[in-house]
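Observations on the three-dimensional arrangement
Given next are the chains, with one letter for each unit.
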Amino acid sequence: MSFTKEHIARYSRQLILPEIGLPGQQRLQEASVLLIGAGGLGCPAALYLAAAGVGRLGLVDADAVSLSNLHRQVLHATADIGRSKVESAREKLTALNPETEVVAYHARLDAATAKSFLPAYDVVLDGSDNLATRYLVNDACVLLGKPLIYGGAVQWRGQLMVIRPGQSACFRCVFPEPPQPGEIPDCQAAGILGATAGVIGTLMAQEALKLLLGTGQPLENQLLTYDALAGAFRRVPVRRDPDCAVCGVHPSIHALVSIDLMSCSHKEA
Ligand SMILES: [Zn+2]
């Protein structure tokens, strides 16, 4: 594409970064990111990706906006209560940057929708709110070879990891077995501060931009943890597991199937 005066002005503060420039901006314009969940993590991530000029954003979420979402799901406003989250998000992101195409999937991610949605995108961001979706997104990305950025947040804590299939540890390498029901606190029961989700969602956008630009060191083979009360980040080294069920030497998962983890507690991100 050719850059107009308006493009140059809109992106001027990032165009002067040596890691971006016009070639980098062109890469972002041609890039696409699929966000699973338009909630506490997906909202800030989508805002920064649209603002940076990523050409196409897909948003997957089956939920409607509720009053208790608004303290952390920063794309939605009081007047949006009852509306589809993806439609509310699409409206705000298009208003922010009309150059970004926003595709709204008012759907729950399952094996069929994952197979249908994921192939058209360069990078996937998982800001989902339940464990079944987390394992499904991981398996889909490994099987399709799509880079995945995993993020999670609850209370005053968050974590983040970049997964490049075939190159770095996947979600199953680190968490081979789903936790027992009640083992992991969810946002509904345990609470969350909006800004905590904002920090992790923003870092997810940052890692996606680095991958799309091919610059910097991706946060792979490490779990970045954030403790907001202590004001501390920590990097926990992780490694690929040769016995991993999906990316190991002899994987037992070869095709995408919806995972029945309904007995697991549902986490809201
Ligand atoms: Zn793995």
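Reading guide: rules and limits
- All chains use their own residue numbering, which begins from 1 and follows the written sequence.
- Local features in this predicted model are restricted to residues whose pLDDT is 70 or higher, and side-chain atom pairs enter the listing and the counts only when it is 80 or higher, whereas totals over whole chains, interfaces and linings include all residues.
- We define the nonpolar core as any set of buried residues of the types Ala, Val, Leu, Ile, Met, Phe, Trp, Tyr and Cys, connected via C-beta atoms lying within 7 Å of each other.
- Exposure is read from a count of other C-beta atoms within 10 Å of each residue's own; the residue is exposed at 12 or fewer, buried at 20 or more and partly exposed in between. C-beta atoms are placed from the backbone.
- The numbering of helices and of strands both runs from the N terminus, where a helix is a DSSP run of H or I of at least 4 residues and a strand a run of E of at least 2.
- This entry defines residue contacts through backbone-placed C-beta atoms, with two residues in contact when those atoms are within 7 Å.
- In this analysis, axes come from line fits to C-alpha atoms, helices being fitted only over the stretch in contact, and the angle between any two N-to-C directions falls in the range 0 to 180 degrees.
- Oblique is the label for any angle not under 35 degrees, not over 145, and not in the 65 to 115 range, which are roughly parallel, roughly antiparallel and roughly perpendicular in turn.
- For any pair of crossing helices, the crossing counts as left-handed if the nearer helix is rotated counterclockwise from the farther one by less than a right angle, and right-handed if it is rotated clockwise.
- Each residue is assigned to one of three groups, with Ala, Val, Leu, Ile, Met, Phe, Trp, Tyr, Cys and Pro labelled nonpolar, Asp, Glu, Lys and Arg labelled charged, and all others, Gly among them, labelled polar.

Things to note about the nonpolar core
In this structure, Val33, Leu35, Ala46 and Ala208 are the most contacted members of the largest nonpolar core, which totals 70 residues. With ten residues, the top contributor of residues to this core is helix 10 (residues 194–213). When sequence neighbours within four positions are dropped, the list of residues in contact with Leu35 reads Gly42, Ala45, Ala46, Leu57, Gly58, Leu59, Val60, Leu125 and Gly127.

Description of the environment of Tyr105
Mapped onto the secondary structure, Tyr105 falls in strand 3 (residues 101–105). Sequence spacing of Tyr105 and Ile36 is 69 residues, and the spatial spacing of their C-alpha atoms is 9.7 Å. When residues no more than four places from it in sequence are discounted, the contact partners of Tyr105 are Gly58, Leu59, Val60, Val86 and Phe117.

Quick notes on unusual backbone geometry
Unlike most non-glycine residues, Gln155 shows phi in positive territory, near 55°. When you line up the elements, Gln155 lands in the loop between strand 5 (148–154) and strand 6 (157–163). For Gln155, a count of 15 C-beta atoms within 10 Å puts it in the partly exposed group.

Observations concerning the packing of helix 4 (residues 42–52) against helix 10
Two numbers describe how helix 4 lies on helix 10: the axes approach to 7 Å, and their chain directions differ by 40°. When the axis of helix 4 is compared with that of helix 10, the two are oblique. The chirality of how helix 4 crosses helix 10 is right-handed. Between helix 4, through Gly42, Cys43, Pro44, Ala45, Tyr48, Leu49 and Ala52, and helix 10, the contact on the second element is made entirely by Gly198, Gly201, Thr202, Met204, Ala205, Ala208 and Leu209. Per-class residue counts for the contact of helix 4 with helix 10 are ten nonpolar, four polar and no charged.

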